[in-house]
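Residue strings, one per chain:
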Amino acid sequence: MKLGFDTTAFTKVSDIKIPDIFFNRMKTGVKEFDMIFGNGILPGSTTTVTAQAGCGKTTLLLQLLEALSNNNYSVGYSSGEENSFQLAFTCKRLGVKNVSVANQTDIDTLAAAMDDLDILVVDSFQALTTKNKMNSRELERHAVSTLCKKAKESECTLIFVMHLTKDGKLKGSTLVPHSVDVNVQILHDKDNDDEASRIISTYKNRFGACCDIEATLDAKGFTLSGKKKVERAMSKSGRKKALHKKILALDPPLITENGIMNSFGLSKGQAYVVLRDLVQSGKLRKYGRGQRAIWKKVL
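As the structure is a computational prediction, the values presented were derived from the model and not from experiment.

### Digging into the side chain of Thr-28
Link 1 in the chain: Tracing the chain through its elements places Thr-28 in the segment before α1 (31-36).
Link 2 in the chain: Look at Thr-28 and you get buried, because its relative accessible area is 4%.
Link 3 in the chain: Excluding residues that lie within four positions of it along the chain, Thr-28 makes contacts with Phe-33, Asp-34, Leu-64, Ala-67, Leu-68 and Asn-71.

Okay, structure coming up:
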């Protein structure tokens, strides 16, 4: 599957000239919108936006396109989910006036339209079709290959709306989020009792920083309130140190392999590695072999 780049020889990065387009971000004029994409939207980049039904995917993207249109960018929203009248009705409620909308799902037709657009939203990826006879897996690969490659060639930013199942899992395979440059998810803010509270979370960005944005959603659309401090995941070395500390704090001081597997949810292989590390560091001493082996803290 080709996504729009060619194979190259190994070259020192200091000898590679970075194209000017990497520094030419499309700006919306709304600070928080630009933050979602890493200080502006890179032309030709590809993005997924996922959320449970009713979280505001369509609303957010229509507002984004309107802001870009007001900055003289050519924008398009193509839907296989709602007809043009429904979209126009939603836009009227949101105060969106300058976004061009269409009901189009054919992959080749959308690719051709990208020549005249700065940004195209496809709602949704799961609704895409082709005139060629393909099974669902072939269609998925064809859609990603054709449209992502076209985005790079035409410098038209592409956004796929992606659907989630009721239990929060992506519908279909993970091919699309792995293939694109940016992944954005809209979530209910679990730390806020207000049903209108949302978190717009960028959790993958090949061209900028990831961040979470606090927002509220009402009948007039999203109100974006700025960057939210994110609790970052602990590093691998940090997790390792924390686990060692918990094991050494066990009481009584006799440790078995099955005991730490059950206490900390470790696999047999993980338990072996952590006990080996603690023995090698002089914190534990092993007595016996096999299933009867025990480890004792070195005092």
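### Quick word on the packing of aromatic side chains
Link 1 in the chain: Under the definition given, this model contains 2 aromatic pairs.
Link 2 in the chain: Judged by centre distance (5.6 Å) and plane angle (70°), the ring pair of Phe-22 and Phe-207 falls under edge-to-face. Placement of the pair is Phe-22 in the segment before α1 and Phe-207 in the loop between β7 (197-205) and β8 (211-218), with a sequence separation of 185 residues.
Link 3 in the chain: We classify Phe-22 as partly exposed; its relative accessible area is 34%.
Link 4 in the chain: Aromatic pair Phe-125 and Phe-160: ring centres 5.1 Å apart, planes at 80°, arrangement edge-to-face.

### Quick look at helix α9 (residues 268-280)
Link 1 in the chain: Under the 1.5 Å per step criterion, the end-to-end length of α9 is 18 Å for 13 residues, consistent within 8% with the ideal 18 Å.
Link 2 in the chain: For α9, the complete set of buried residues consists of Ala-271, Val-274, Leu-275, Asp-277 and Leu-278. End-on, the buried residues of α9 take up no more than an arc of 155°, which puts them together on one face. Residues of α9 that are exposed and point more than 90 degrees away from the buried face comprise Lys-268, Tyr-272 and Gln-280.
Link 3 in the chain: One or two steps after α9, the chain reaches Gly-282, where phi turns positive at roughly 80°.

### Some details on the pattern of salt bridges
Link 1 in the chain: Following the criterion strictly, the structure yields 8 salt bridges and no others.
Link 2 in the chain: Across the pair Arg-137 and Glu-140 runs a salt bridge, and its minimum N-O distance is 2.8 Å. In this pair, Arg-137 and Glu-140 both sit in helix α5 (residues 136-154), 3 residues apart, roughly one turn of the helix.
Link 3 in the chain: Linked by salt bridges that have partners in common, Lys-152, Asp-181 and Arg-206 make up one network.

### Observations regarding a nonpolar patch on the surface
Link 1 in the chain: Together, Ile-18, Phe-22 and Phe-23 line one region of the surface with nonpolar side chains, adding up to about 320 Å² of accessible area.
Link 2 in the chain: Take Ile-18: it is sitting in the segment before α1.
Link 3 in the chain: Among the residues examined, Ile-18 registers a relative accessible area of 45% and is labelled partly exposed.

### A few points about the nonpolar core
When a protein is soluble and globular, its nonpolar side chains tend to lie buried together.
Link 1 in the chain: In this structure, Leu-61, Leu-64, Tyr-77, Ile-159, Ile-200 and Phe-222 are the most contacted members of the largest nonpolar core, which totals 37 residues.
Link 2 in the chain: In terms of residue count, helix α2 (residues 57-70) provides more of this core than any other element does, 7 residues in total.
Link 3 in the chain: If near-sequence neighbours (up to four positions away) are discounted, Tyr-77 is found in contact with Thr-58, Leu-61, Leu-62, Leu-65, Leu-87, Val-99, Ser-100, Val-101, Ala-102, Val-121 and Asp-123.
Link 4 in the chain: Counting 21 residues, the second largest nonpolar core, distinct from the first, contains Met-114, Leu-117, Phe-125 and Val-176.

Calculation rules
Residues numbered from 1 in each chain as written. Predicted model: local features only at pLDDT ≥ 70, side-chain atom pairs only at ≥ 80, totals over all residues. Heavy atoms only, no water. Helix = DSSP H or I, 4+ residues; strand = E, 2+ residues; numbered from the N terminus. Buried < 20%, exposed > 50% of the residue type's maximum accessible area, 1.4 Å probe, protein only. Contact = heavy atoms within 4.5 Å. Phe/Tyr/Trp six-rings, centres within 6.5 Å; stacked < 30°, edge-to-face > 60°. Expected span 1.5 Å × (residues − 1). Arc of directions from axis to C-beta. Salt bridge = Lys/Arg side-chain N within 4 Å of Asp/Glu carboxyl O. Patch = residues over 30% accessible without salt bridge, like charges linked within 9 Å, V, L, I, M, F, W, Y side chains within 5 Å. Areas by Shrake-Rupley, 256 points an atom, 1.4 Å probe, with all protein chains shown as cover. Core = buried A, V, L, I, M, F, W, Y, C linked by side-chain atoms within 4.5 Å.

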